[in-house]
Amino acid sequence: MKTTQRINGITLATTKNERKQFIEFPYQHYSEDENWIPPLKMEQKKLIDTEKNPFYNNADIALFLAEQDGEPCGRIAAIQDRRYNEHHKNKTGFFGFFECINDQSVANLLFKVAGDWLKQRGHTDVLGPANPSMMDEIGVLIDGFEYEPSFMMPYHKPYYNNLITSAGLEKEMDLYAFRVTQANVTLDRIYRAEEIVRRRLPKLKIREIDTKNLDQEVEIVRNIFNQAWSQNWGFIPLSKEELEDLANDLKLILDPKVAHIAEVDGEPVAFSIALPDLNQALKHTDGTLFPTGIFKLLWHRRNINQLRTALMGVIPEYQGKGIDALLHKEAIINGREVGYNSSELSWVLESNKNMIRVAEKLGANIEKTYRMYTKEL
C-alpha cells in the first residue's frame, strides 16, 4: 500500500486520495472566477494517469500538493520527457499543472521541490508549464483575463506571472491566441489572395477530413505535422499512439466542415483542424458528466457558435505559398454557413512570423497571450 511522503511540508501525491486532491484543487481555487471554465475531471484524471496516457510510455511525472491549515493551497508537477530530450539532445525537465494561492512562499516551495526532483534525475534546466506534454495545454495566461478560454486552452489568475518570475523563472517564449470574427474578417483580401494561390498552384485541392476513414486521415495529419513543425521551437515528433489517442478524444466533436486537408496533385501537403469551442457548453457544468452534467453539455452544445483552430501544418516545400490562409478561409466560410461566427487561432508562437502575418491578413487580433518560462537548475 502506498504511503504519504512529505518533502519540506509538501505532499508527494501518490495515493488515490492525494491524486484526487491534486485534480480537485483548481475547481476550488477558481470557484469565484467567472471566466474560468471547468474542464472535464475525467480528462484531467487521464492527463496524469501513467497507465492510460500514451505520453508516459516515454515520460515520468511526480505530483506535489501544498497544504495550509490542512487544506490544499497549491500544486505542481515535475515531468521527465525522455523523447523531448532525445530529440533536442539536451537535459531539460518540465513543470506543469501549476496552481497556487497568492503566496510567494508557497510558490517558491512548489518550484523548489519540482526543481529538486528534476535535478536528482540529471536535468540541467526546467521549462514549462506543459500539462503534461508540449502537445497538451501549455503556457500561463498573462493577458486577456477578461475573456473566457477556448477549448483545450488554459486560464490563470492574473498574479501568476509575478509568482513565477519572483520564484526565479524567466520568459522563454510567448504564445498568441488570435481572434477573428465575421465582423473583422477581411474576406475581400482573402479572395484576392486565393486567386493568386490557385494560379500558382492549379492542382491545389482542399477537401474535408473524411471521418469515415479517420485512422488513415490521422496518419496523414501526423506525417504533415511532423514535417511542418520540425524546425519550430519546442517541437518533438508526434507519435502514432499520441495522435490516435487525441483523435479518439476529439472525434465526437470533430466537424468535417471546419477540418481540412490540402492536396497538390493528389498528395497531402497541409492540414487544418478547427474544433467547435466546447467550452461554451462546458461552462454550464461543474466538470462532471453525471448525474446531470451530460444533459447540460448536450443541451448547450447546440448553441456553440465559436471555433478554435487548434492544429495546422504545411510541409516545408509549400510553406509561404498561401495555403495556410486558404485553409483558414475554408474554415471561416464553411463555419459561417453552419453557425460559427468567431474563431480563435491558437496557439501561435511569437517567433512564427509567417503565421502571425497570415492571422493579421485575415483581420485577426491578438486576444490572449500565454507565456512559457525557464530556469537553470
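Parameters and conventions
- Residues numbered from 1 in each chain as written.
- Predicted model: local features only at pLDDT ≥ 70, side-chain atom pairs only at ≥ 80, totals over all residues.
- Heavy atoms only, no water.
- Helix = DSSP H or I, 4+ residues; strand = E, 2+ residues; numbered from the N terminus.
- Rg over C-alpha atoms; globule rule 2.2 N^0.38 Å.
- Buried < 20%, exposed > 50% of the residue type's maximum accessible area, 1.4 Å probe, protein only.
- Contact = heavy atoms within 4.5 Å.
- Areas by Shrake-Rupley, 256 points an atom, 1.4 Å probe, with all protein chains shown as cover.
- Lys, Arg positive; Asp, Glu negative; His and termini not counted.
- Charge placed at Lys NZ, Arg CZ, Asp CG, Glu CD.
- Axes fitted to C-alpha atoms, helices over the stretch in contact; angles between N-to-C directions.
- Parallel < 35°, antiparallel > 145°, perpendicular 65-115°, else oblique.
- Left-handed = near helix turned anticlockwise from the far one by under 90°.
- Nonpolar A, V, L, I, M, F, W, Y, C, P; charged D, E, K, R; others polar.
- Core = buried A, V, L, I, M, F, W, Y, C linked by side-chain atoms within 4.5 Å.
- Salt bridge = Lys/Arg side-chain N within 4 Å of Asp/Glu carboxyl O.
- Arc of directions from axis to C-beta.
- Pairing = 2+ DSSP bridges.
- Right-handed = clockwise from strand over helix to strand, strands pointing away.
- Phe/Tyr/Trp six-rings, centres within 6.5 Å; stacked < 30°, edge-to-face > 60°.
- Lys NZ or Arg CZ within 6 Å of the ring centre and 35° of its normal.

Q: If you had to explain the overall build of the protein chain to someone new, which residues and values would you point to?
A: Summing up its helical and strand segments, the protein chain has twelve helices and 16 strands in all. What you see for the protein chain is a C-alpha radius of gyration of 21 Å, in line with the 21 Å of a compact globule of 377 residues. With the C-alpha coordinates aligned to their principal axes, the bounding extent of the protein chain is approximately 65 × 50 × 35 Å. Considering the protein chain as a whole, with its 377 residues, one finds that 58% of them fall into the buried category. Long-range pairs, those at least 24 residues apart, make up 76% of the contacts in the protein chain between residues at least 6 apart in sequence. When the accessible surface of the protein chain is split by element, carbon and sulfur atoms take 47% of a total near 17,500 Å². If you average the places of the 47 positive and of the 54 negative side-chain charges in the protein chain, the two averages end up 2 Å apart.

Q: Explain unusual backbone geometry to me, using residue names and the numbers behind them.
A: With the exception of glycine, most residues fall at negative phi, and the peptide bonds are largely trans. Note that the residue after N131, namely P132, is joined by a cis bond; omega there is 0°. The phi angle at K89 is positive, at roughly 55°, despite the residue not being glycine. Residue placement: K89 occurs in the loop between α3 (82-88) and β5 (92-100). Phi is positive for F97, close to 55°, though the residue is something other than glycine. Along the polypeptide, F97 turns up in strand β5.

Q: Go over the packing of helix α11 (residues 323-337) against helix α12 (residues 353-362), please, and point to the residues and values.
A: At a closest axis distance of 10 Å, the pairing of α11 and α12 adopts a crossing angle of 40°. By the angle between their directions, the pair α11 and α12 is classed as oblique. The element α11 and its partner α12 pack so that their crossing is right-handed. Two secondary-structure elements touch here, α11 through D324, A325, H328 and I332 and α12 through M355, V358 and L362. Residues belonging to the contact of α11 with α12 are distributed by class as follows: five nonpolar, one polar and one charged.

Q: Describe the nonpolar core, and please don't skip the residues or the numbers.
A: Core analysis: the biggest nonpolar cluster contains 131 residues, and F64, F98, L175 and I273 have the highest contact counts within it. The element contributing the most residues to this core is helix α4 (residues 104-120), with eight residues. When sequence neighbours within four positions are dropped, the list of residues in contact with I273 reads I209, V221, L254, V258, A259, R308, T309, A310 and L311.

Q: Tell me about the pattern of salt bridges, residues and numbers included.
A: The final tally for this structure, using the stated rule, is 23 salt bridges. Among the ionic contacts, a cluster of salt bridges with common partners joins K171, D174, E350 and R371.

Q: Could you give me a rundown of α12, with the residues and numbers involved?
A: All of the buried residues along α12 are M355, I356, V358, A359 and L362. The arc enclosing the buried residues of α12, seen along the axis, measures out at 160°, which places them on a common side. Elements in contact with the buried residues of α12: β10 (170-181), α6 (187-200), β14 (306-314), α11 and β15 (342-349). The positive-phi residue at the C-terminal boundary of α12 is G363, with phi of around 100°.

Q: Lay out the environment of M134 in plain terms, naming residues and giving numbers.
A: Looking at where M134 falls in the secondary structure, it is placed in the loop between β7 (130-131) and β8 (137-138). Along the sequence, M134 and G234 sit 100 residues apart, while their C-alpha atoms lie 7.1 Å from each other. Contacts of M134, omitting those with residues within four sequence positions, involve F94, W233, G234, W347 and M372.

Q: Run through the pairing of strand β3 (residues 59-68), naming residues and quoting values.
A: Most of β3 is tucked away, with seven of its ten residues classed as buried. Where strand β2 (residues 10-12) meets β3, three bridges bridge the pair, whose relative direction is antiparallel. Residue pairing for β3: I10 is matched across the bridge by A66. The pairing of β3 with strand β4 (residues 71-81) spans ten bridges and is antiparallel. Among the inter-strand pairings, A59 is bridged to a residue of β4, identified as D81. The antiparallel hairpin formed by β3 and β4 contains two residues in its connecting segment, where D69 sits at a positive phi of about 55°.

Q: Before we move on, could you go through the pairing of β14 and cite the residues and values that matter?
A: Regular strands place their side chains on alternate faces of the sheet. Here β14 lies mainly inside the structure; seven of its nine residues are buried. Judged from the seven bridges that link them, strand β13 (residues 267-276) and β14 form a sheet pairing that is antiparallel. What sits directly across from P276, in β14, is L307. With α11 bridging β14 and its parallel neighbour β15, the resulting β-α-β unit is right-handed.

Q: Tell me about the packing of aromatic side chains, and please be specific about residues and values.
A: The full count for this structure, using the stated rule, is 14 aromatic pairs. Arranged with centres 6.1 Å apart and planes meeting at 65°, the rings of F22 and F97 form a pair that is edge-to-face. Of the two residues, F22 is situated in helix α1 (residues 16-29) and F97 in strand β5; the sequence distance between them amounts to 75 residues. As far as burial versus exposure is concerned, F22 and F97 are alike and both buried. By way of ring pairs, the aromatic residues F95, F98, F111, Y159 and Y160 are connected into one cluster. The ring of F22 is capped by R75, whose NZ or CZ atom sits 4.6 Å from the centre of that ring.

Q: So, the packing of α6 against α11: which residues are in play, and what are the values?
A: Running from amino to carboxyl end, α6 crosses α11 at an angle of 130°, the nearest separation of the two axes being 10 Å. Judged by the angle between their axes, α6 and α11 are oblique. Where α6 crosses over α11, the handedness of that crossing is left-handed. Here α6 contributes L187, I190, Y191, E194, V197 and R198 to the contact with α11, which in turn contributes L326, K329, E330, I333 and R336. Classifying every residue of the contact of α6 with α11 by side-chain character gives six nonpolar, no polar and five charged.

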